[in-house]
Structures are given as C-alpha cells and as structure tokens.
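A structural walkthrough
Take a look at the letters that make up each chain.
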Amino acid sequence: MRTMATTFLTAILSFASTNIDNIFVLMILYAQVKNTKGIIQIVAGQYLGIGFLAVLSVAGAWGTQIFPP
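1. Some details on the packing of helix α1 (residues 4-18) against helix α2 (residues 20-32)
Packing of α1 against α2 brings their axes to within 4 Å, and their N-to-C directions diverge by 30 degrees. For the element pair α1 / α2, the angle class is roughly parallel. For the pair formed by α1 and α2, the contact residues are A16, S17 and T18 on the first element and I20, D21 and N22 on the second. Class assignment of the residues belonging to the contact of α1 with α2 gives a composition of 2 nonpolar, 3 polar and 1 charged.

Take a look at the structure:
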C-alpha cells in the first residue's frame, strides 16, 4: 500500500510532466497574439482549463469514496 507522501509526489510529478507540452503550446499561442485581448483570452482559457481539471479531479476522488473498488 502506498503512503500519502508517495501518492502526493506521484501526483506532482505527473502534473509537471504532462504540462511540459502545455508550455510549448502557450509559447506558440503567445507568439501569434498581436493585442491585449488575445493575451487575456489565453490566460482566461488557461485558468478555466486548470480549474475544470481540478474540479474533475476532486469529483473523481469523491467518487472513489462512494463506489466500492
């Protein structure tokens, strides 16, 4: 059985490794933007996307408590 520290470390490393490609996508998007409105849209999209993933993760964690393994 994994300890909480191992699970936490795995989660952090997974998050970091899956966001490496996100950095490259953002660089391409920022390079193509020519006005402030575009930058605001990119930043808002990032916050909405990460927020949605966080909510989905919490819902999944709660789901593991409701349903049997």
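Let us keep going from here.
2. Looking at the environment of G51
With respect to the secondary-structure elements, G51 resides in helix α3 (residues 36-66). Taking relative accessible area as the criterion, G51 reaches 31% and is therefore assigned partly exposed. It is 18 Å that separates the C-alpha atoms of G51 and S17, two residues lying 34 residues apart in sequence.

Analysis parameters
Residues numbered from 1 in each chain as written. Predicted model: local features only at pLDDT ≥ 70, side-chain atom pairs only at ≥ 80, totals over all residues. Heavy atoms only, no water. Axes fitted to C-alpha atoms, helices over the stretch in contact; angles between N-to-C directions. Helix = DSSP H or I, 4+ residues; strand = E, 2+ residues; numbered from the N terminus. Parallel < 35°, antiparallel > 145°, perpendicular 65-115°, else oblique. Contact = heavy atoms within 4.5 Å. Nonpolar A, V, L, I, M, F, W, Y, C, P; charged D, E, K, R; others polar. Buried < 20%, exposed > 50% of the residue type's maximum accessible area, 1.4 Å probe, protein only.

All quantities given are derived from atomic positions and should not be read as evidence of function.
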